[in-house]
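Listed below, chain by chain, are the residues.
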Amino acid sequence: MARNTQVDADRNAPPITRILAEYVVNHPSRGWSDEVEHEAHRTFMNWLGCAVGASGHEAAQAALDAVSVLQPSAQATILGRSEKVDIGSAALINGITSHTFDFDDTHLKTIIHPAGPVCSALLALAEHTGASGRQLIDALVIGIDVSCRAGNMIYPDHYDRGWHITGTTGVLGAAAACARLLGMNVEQTIMALGIAASQPIGLREQFGTMTKPFHPGAAAQAGLMSALLAKSGFTSSSRAIEAPRGFAQVVSVKYDWNEITEQLGERFEISFNSYKPFACGIVIHPSIDACVQLREKGVTADNLARIDLKVHPLVLELTGKKEPTDGLQGKFSVYHGCAAGLIFGRASEDEYADDIVNRADMVDVRRKVNAIVDSGMDEASVDAVATLTDGSTVHVYVEHAIGSLQRPMTDGDLENKFHGMTDALLGSEQTSQLIAECWKLADAPDVSQVARLSRK
């Protein structure tokens, strides 16, 4: 049978790929406010702590075993470990570990975790090339801006179709950041973005497996390689993002070009970055926060009869696993998250250990959690009612969870989180030194100190 090969498309889109390339190349160094500059350092530090903290995870070892078959040269650090590998493999592995705990940053408008792809590519490249801290921070801000603006352009339709937006847009951000760090010209950067546009990485089907953190790692590696290819003369379409059969119009039925161009170079998406106090998907955070508050109001595992939650539909779609059997599955279980919040008063990576997920008291409490979809609830909110064994009730409503833009984590909170993830690996003193280096990264002549202090 004959088929119609014509698909509805915008054939008059603005030259988005060129617009972004000109921005990447021409935006001035430190061309933003002190607040944006500080947020860049917070983003880098949070990313680094997550990557170091997960370096001993079996996913990291499996990835290292795989890339070792290629006999990589020792160009860049694997964070939290003693080994060095080539810059592409370092970007891959550090990107994996930065997302393994699901404890990384979140651009709340799109649910993108922007630092994983961008920072993982940048640090490996900067370590190899000897780039300065100032160059890295400049590239970080701009790369994250490209990634998140691309996300704004296609979210939520793209995400709703099943794409993992962190990887799909992260490859563009990583390519842009590396192009900036390498000092590429506009035409080369157009090619780098074009090559990256052919590599959208990540399916939501993989959530709860090692392949979810693979997405930001693979995006970092692909973005880095896209920039290196373009710098060496490799070509691509100059309209690879906006063309009728380019990135945006292929992976989404929504493509809002204004999200790329509006206030470009004036408004920076890193300003809207947030950081997780709980080591799991962001949609669970209001529920965990509510259970921590119930605990503070005297609700315990012993006097609890049930907890009823009213949640946004996305909560059960993404985190509806009622009986997780390991830590990775637990991160996608609102029931386990609530049990952790009630029993421990927190949900750090320790509360997602396999033995904790299967502990009898945790299983008992999570079976008392009843989550009901309420389409009137915002994604950032939850309504929780605990019924006690004596028949009384305790009510908590969370409009915005701790860690949100409305209730942000302080610098001190981020430092404590960093210590919690890395002290056991690096020791408290080395961790404190590493944190100090992160805060002054923009003034560093190179990234060698950060790389050195990040190794065991």
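This report concerns the structure included in the present document. (Residues numbered from 1 in each chain as written. Predicted model: local features only at pLDDT ≥ 70, side-chain atom pairs only at ≥ 80, totals over all residues. Heavy atoms only, no water.)

Re the packing of aromatic side chains
Taken as a whole, this structure holds 5 aromatic pairs when the rule is applied. On the basis of an interplanar angle of 75° and a centroid distance of 5.5 Å, the ring pair of Trp32 and Phe268 is categorised as edge-to-face. Taken together, the positions of Trp32 in the loop between α1 (16-26) and α2 (34-53) and Phe268 in the loop between α12 (258-261) and β4 (273-275) put the pair 236 residues apart, joining distant regions of the chain. When sorted by exposure, Trp32 lands in the same class as Phe268, which is buried. Geometrically, the ring pair formed by Tyr155 and Tyr159 is tilted, given 6.0 Å between the ring centres and 50° between the ring planes. By relative accessible area, Tyr159 is classed as buried at 3%. When the ring centre of Tyr159 is taken as origin, the NZ or CZ atom of Arg204, which lies over that ring, is 4.2 Å away. (Phe/Tyr/Trp six-rings, centres within 6.5 Å; stacked < 30°, edge-to-face > 60°. Helix = DSSP H or I, 4+ residues; strand = E, 2+ residues; numbered from the N terminus. Buried < 20%, exposed > 50% of the residue type's maximum accessible area, 1.4 Å probe, protein only. Lys NZ or Arg CZ within 6 Å of the ring centre and 35° of its normal.)

Considering the side chain of Gln249
With respect to the helices and strands, Gln249 occurs in helix α11 (residues 247-251). One polar contact links Gln249 to Tyr255, side chain to side chain, over a distance of 3.2 Å. Residues contacting Gln249, with those up to four places away along its chain left out, are Ala9, Asp10, Glu242, Ala243, Pro244, Tyr255 and Trp257. (Polar contact = N/O pair within 3.5 Å; in protein donor to acceptor, adjacent residues only side chain to side chain. Contact = heavy atoms within 4.5 Å.)

A closer look at the sheet that holds strand β7 (residues 382-388)
Read from one edge of the open sheet, 4 strands run β6-β5-β7-β8, paired in mixed fashion. At either margin of the open sheet sits one strand with a lone partner, and together these are β6 (369-373) and β8 (393-398). Between one strand axis and the next, the sheet turns by 15° as a mean value, whatever way the strands run. Against the sheet, helix α13 (residues 285-296) contacts β5 (304-311), β7 and β8, and its axis sits at roughly 140° relative to β8. (Pairing = 2+ DSSP bridges. Axes fitted to C-alpha atoms, helices over the stretch in contact; angles between N-to-C directions.)

Read these as geometric descriptors, not functional statements.
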